[in-house]
Amino acid sequence: MSDIKDILKESGFRFNKQFGQNFITDVNLLGAMVSDAGITGEDTVIEIGPGAGTLTRSIANVAKKVISFEIDRNLEPILKRTLSDHGNAEVIFKDFQKVSDAELRSILDGGEYKVVANLPYYITTPLVMRFLESEYKPSSVTVMVQKEVAERFIATEKSDNYGVISLAIALEGDAKLTRIVSRNLFYPVPNVDSAIVNIEIRDKGIEDKEDIKKLVKAAFSMRRKTLVNNLTHTLGLTREDVESALLAIGKDVRERGETLSLYEYVALKDALSSKICRNK
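Since the structure is predicted, the reported quantities are computational estimates derived from the model, not experimental observations.

### Some words on the overall build of the protein
Alright, step 1. The secondary structure content of the protein amounts to 12 helices and 9 strands.
Alright, step 2. Classification of the 280 residues of the protein by burial places 50% in the buried group.
Alright, step 3. Accessible surface, the protein: about 13400 Å² in total, of which carbon and sulfur atoms supply 45%.

Set out below in structure tokens:
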């Protein structure tokens, strides 16, 4: 297989800034990402944005099947060339954001699947959350994302990067940053470094998730304010309601949103349950 840069030049391909196209060129990194995702010969993998097909090839070398969704039709001749010797790789030219759960289930015959993707930065969070909140969830999601976004994905309480997205992901699974990736391993070279994040999706037995999300969003509505101030201002609760609930779960009334763990938010939701329901 020729160097991917040569293939792109020979094909006269022009990068489309609208799609945030930065292709991985380092062979070792490609293999590492597949390894970090825990892909085996038993797995069916969904890939979003295959680009020139370099990651697709690496996935196909290991997985039972890889189905990639690509929005840019101009990549069709390039993908045909790069994937010509991989019969277990299929490319569907469609914006994945317009693929319903029902359609995805039909494509996969309702089987289990994993997600691996080098995501354009502009769709990173919406796509990750789509998979995590879907009724047809994958068993894991492994994504290459902007380093700063990765740090928010994996953040835990009392850290600067901890916020709504950290808790939304923790609600559905366990996230870990597997490696930092230099911007120089992409073509063209982006302005920032990236990181690989692996999210193992699992049922944590947490109920009333929508109430928890509502509570978390309110807790971080004004980051420098206390939980008491944010929850009274945003949810219409009384100061006495919130202070009593915090004390009931063993927390100080001066706590801020970033100091509570996921399970402390679950406990706070339980302590405030009747009050939240009253203010829906």
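From this point on, the discussion continues.
### Regarding the environment of Leu 268
Alright, step 1. The topology assignment puts Leu 268 in helix H12 (residues 262-278).
Alright, step 2. On the basis of relative accessible area, Leu 268 is assigned to the buried category, the value being 0%.
Alright, step 3. For the pair Leu 268 and Ala 248, spaced 20 residues apart in sequence, the C-alpha to C-alpha distance is 8.3 Å.
Alright, step 4. Setting aside chain neighbours within four positions, we find Leu 268 in contact with Leu 215, Leu 231, Ala 245, Leu 246, Ile 249 and Leu 260.

### Thoughts on helix H11 (residues 239-248)
Alright, step 1. Considered for burial, the residues of H11 that qualify are Asp 241, Val 242, Ala 245 and Leu 246. Taken around the axis of H11, the buried residues stretch over an arc of 125°, which confines them to a single face. Summarising the geometry of H11, the exposed residues directed more than 90 degrees from the buried face are Glu 240, Leu 247 and Ala 248.
Alright, step 2. Following H11 by one or two positions, Gly 250 has its phi on the positive side, about 80°.

### Section: the sheet that holds strand E6 (residues 140-146)
Whenever strands of a sheet pair, they do so through backbone hydrogen bonds, lying parallel or antiparallel.
Alright, step 1. With mixed pairing, the 7 strands of this open sheet are ordered in space as E4-E3-E2-E5-E6-E9-E7. Where the open sheet ends on each side, the last strands, each with one partner, are strand E4 (89-93) and strand E7 (173-181). On average, each strand axis in the sheet is inclined to that of its neighbour by 20°, with strand direction left out of account.
Alright, step 2. Contacting E7 and strand E9 (194-201), helix H8 (residues 164-172) crosses the sheet at an angle of about 120° to E7.

### Observations regarding the pattern of salt bridges
Alright, step 1. For the structure on display, the rule yields 21 salt bridges.
Alright, step 2. Here Asp 174 and Arg 202 are joined by a salt bridge, their closest N and O atoms 2.5 Å apart. Of this pair, Asp 174 sits in strand E7 while Arg 202 sits in the loop between E9 and helix H9 (209-219); the two residues are 28 residues apart in sequence, bridging distant segments of the chain.
Alright, step 3. Relative accessible area serves as the criterion here: at 33%, Asp 174 is assigned to the partly exposed category.
Alright, step 4. Salt-bridge contacts for Asp 208 lead to Lys 269; the nearest nitrogen and oxygen are separated by 3.2 Å.

### Things to note about unusual backbone geometry
Alright, step 1. At Asp 109, a position not held by glycine, the phi torsion is positive, near 55°.
Alright, step 2. Locating Asp 109 in the fold gives a position in the loop between helix H5 (101-107) and strand E5 (114-118).
Alright, step 3. In this structure, Asp 208 takes a positive phi of about 55° despite not being glycine.
Alright, step 4. As for its placement among the helices and strands, Asp 208 is situated in the loop between E9 and H9.

### Section: the nonpolar core
Note that soluble globular proteins tend to have their nonpolar side chains buried in a common cluster.
Alright, step 1. Membership of the largest hydrophobic core comes to 33 residues, with the highest contact counts inside it found for Ile 46, Ile 48, Phe 69, Phe 96, Leu 104 and Phe 131.
Alright, step 2. Among the elements of the structure, strand E2 (44-48), strand E3 (65-70), E5, helix H6 (124-133), E6, helix H7 (147-154), H8 and E9 are those that each provide at least two residues to this core.
Alright, step 3. The greatest single-element share of this core, amounting to 5 residues, is contributed by H6.
Alright, step 4. Excluding anything up to four places from it in sequence, Phe 131 contacts Ile 46, Ile 48, Phe 96, Leu 104, Tyr 113, Val 115, Lys 137, Pro 138 and Val 141.
Alright, step 5. Core analysis: the next-biggest nonpolar cluster, separate from the first, contains 26 residues, Ala 37, Ala 89, Val 181 and Phe 186 among them.

### Description of the packing of aromatic side chains
Alright, step 1. A full pass over the atoms with the stated rule returns 5 aromatic pairs.
Alright, step 2. Ring geometry for Phe 69 and Phe 96: centres 4.9 Å apart, planes at 65°, overall edge-to-face. Of the two residues, Phe 69 sits in strand E3 while Phe 96 sits in the loop between E4 and H5, which places them 27 residues apart along the sequence. The residues Phe 69 and Phe 96 share a single accessibility class, namely buried.
Alright, step 3. Within the aromatic cluster, the residues linked to one another by ring pairs are Phe 69, Phe 96, Tyr 113, Phe 131 and Tyr 136.

Rules used in this analysis
Residues numbered from 1 in each chain as written. Predicted model: local features only at pLDDT ≥ 70, side-chain atom pairs only at ≥ 80, totals over all residues. Heavy atoms only, no water. Helix = DSSP H or I, 4+ residues; strand = E, 2+ residues; numbered from the N terminus. Buried < 20%, exposed > 50% of the residue type's maximum accessible area, 1.4 Å probe, protein only. Areas by Shrake-Rupley, 256 points an atom, 1.4 Å probe, with all protein chains shown as cover. Contact = heavy atoms within 4.5 Å. Arc of directions from axis to C-beta. Pairing = 2+ DSSP bridges. Axes fitted to C-alpha atoms, helices over the stretch in contact; angles between N-to-C directions. Salt bridge = Lys/Arg side-chain N within 4 Å of Asp/Glu carboxyl O. Core = buried A, V, L, I, M, F, W, Y, C linked by side-chain atoms within 4.5 Å. Phe/Tyr/Trp six-rings, centres within 6.5 Å; stacked < 30°, edge-to-face > 60°.

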